[in-house]
Amino acid sequence: TYYALDNLIAIVDVNRLGQSTSTLEGHDLERFVKKFEAFGWRALTVDGHDVAALVQAFDDAKIPQAKPVAIIAKTIKGYGLDAEIEDQEGFHGKAFAHERLEFLLEKLRERFPDAASSPSTVLRPRLDVPAHDVSKVQQQVQMDLSTFALGEKKATRHAYGTALVALGKVNSDVVVLDAEVKNSTYAELFEQVFPERFYQCFIAEQNMVGMGVGMQVRGKVPFISTFAAFLTRAHDQLRMAAIGQSALRVCGSHAGVSIGEDGPSQMGLEDIALMRGL
């Protein structure tokens, strides 16, 4: 909402059930509508099993109104099977007994006759999947040399911000994301020169890492910065980025006990172990 992203669409599959119990909202779509609207989104509700209605919802979502859109779809878990299974607990992640296979397939044929009568597509592993694109990682550029004088004492984070500016001048794909500490990480130096390539993510480190992953997939070269202690909040997102081999540049400043005056909550003591494990 802050960036007025009218090209962002979130899809919420409201099927009422979690893994072991029902969700807090159940099938109350209006609760989701109120939550999204409270955060400045435009919210659309739809029957998630009505393909024509879904297509219309996506068409409506693409009408720009300077805000992101949430499509909130009501669905039934186990849709297309018998009443013993549809919308019932106890089936999450479990395989059905082999002797019930033909019965369940017949139920699906009854519910989806068009799909049942069409030629089946056998899924085979693709052999032409390109290797992970590391061209951005291996790209070499000629940067300006440091203007720091030999023997001059400077914070390493100041060197980080200065280097970002130098890199931004020779690579237009470089983007910088910061979690509302830009004046401490010195990411603000990059913002001052390249405001259109700087993204203020506020105090939402998990979201910041997720944004960086998305930008990297789209061909950008993201540099992500906050205090090292605060990056530990985003361990799950960093872990998934590592699994996906995302080419992120993550800068955790104020490592160790160097920020002792601000108290132990600010001290980055676990981040090296975290990153080394990944």
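Just so it is clear, the structure is predicted and the values come from calculations on it, not from any experiment.

1. A look at the pattern of salt bridges
Tallied over the entire structure, the rule returns 10 salt bridges. As a salt-bridge pair, E191 and K182 come within 2.8 Å of each other at their nearest N and O atoms. The class for K182 is partly exposed, based on a relative accessible area of 25%.

2. Some points on the nonpolar core
The tendency in soluble globular proteins is for nonpolar side chains to be buried as a group. Residues L177, M208, V209, I224 and L248 are the most contacted members of the largest nonpolar core, which totals 13 residues. Mapped by element, the contributors of at least two residues to this core are β4 (174-178), α9 (205-217) and α11 (235-243). A total of three residues in this core trace back to one element, the largest contributor, which is α9. Sequence-distant contacts of V209, that is, excluding residues within four places in its chain, are made with I224, A234, Q237, L238 and L248.

3. Thoughts on unusual backbone geometry
Notably, E180 is not glycine yet its phi reads approximately 65°, a positive angle. Here E180 lies in the loop between β4 and α7 (182-185). Relative accessible area serves as the criterion here: at 41%, E180 is assigned to the partly exposed category. The phi dihedral of Q245 is positive, around 55°, even though this residue is not glycine. Along the chain, Q245 falls in the loop between α11 and β7 (249-253).

4. Focus: the sheet that holds strand β1 (residues 9-14)
Judged by pairing direction, the sheet is parallel, and its three strands sit side by side in the order β1-β3-β2 without closing on themselves. Each of the sheet's edge strands pairs with one partner strand only, and the pair in question is β1 and β2 (42-47). Strand-to-strand, the axes of this sheet are offset by a mean angle of 20°, without reference to chain direction. Where β1 meets strand β3 (residues 69-74), six bridges bridge the pair, whose relative direction is parallel.

5. A few points about the pairing of β3
Where burial is concerned, most of β3 is hidden: five out of the six residues are buried. In terms of strand pairing, β2 meets β3 through six bridges, oriented parallel. Looking at the pairing, D47 lines up with K74 of β3. One crossover worth recording links β2 to the parallel β3 by way of helix α2 (residues 51-61), and it is right-handed.

The rules behind the values
Residues numbered from 1 in each chain as written. Predicted model: local features only at pLDDT ≥ 70, side-chain atom pairs only at ≥ 80, totals over all residues. Heavy atoms only, no water. Salt bridge = Lys/Arg side-chain N within 4 Å of Asp/Glu carboxyl O. Buried < 20%, exposed > 50% of the residue type's maximum accessible area, 1.4 Å probe, protein only. Core = buried A, V, L, I, M, F, W, Y, C linked by side-chain atoms within 4.5 Å. Helix = DSSP H or I, 4+ residues; strand = E, 2+ residues; numbered from the N terminus. Contact = heavy atoms within 4.5 Å. Pairing = 2+ DSSP bridges. Axes fitted to C-alpha atoms, helices over the stretch in contact; angles between N-to-C directions. Right-handed = clockwise from strand over helix to strand, strands pointing away.

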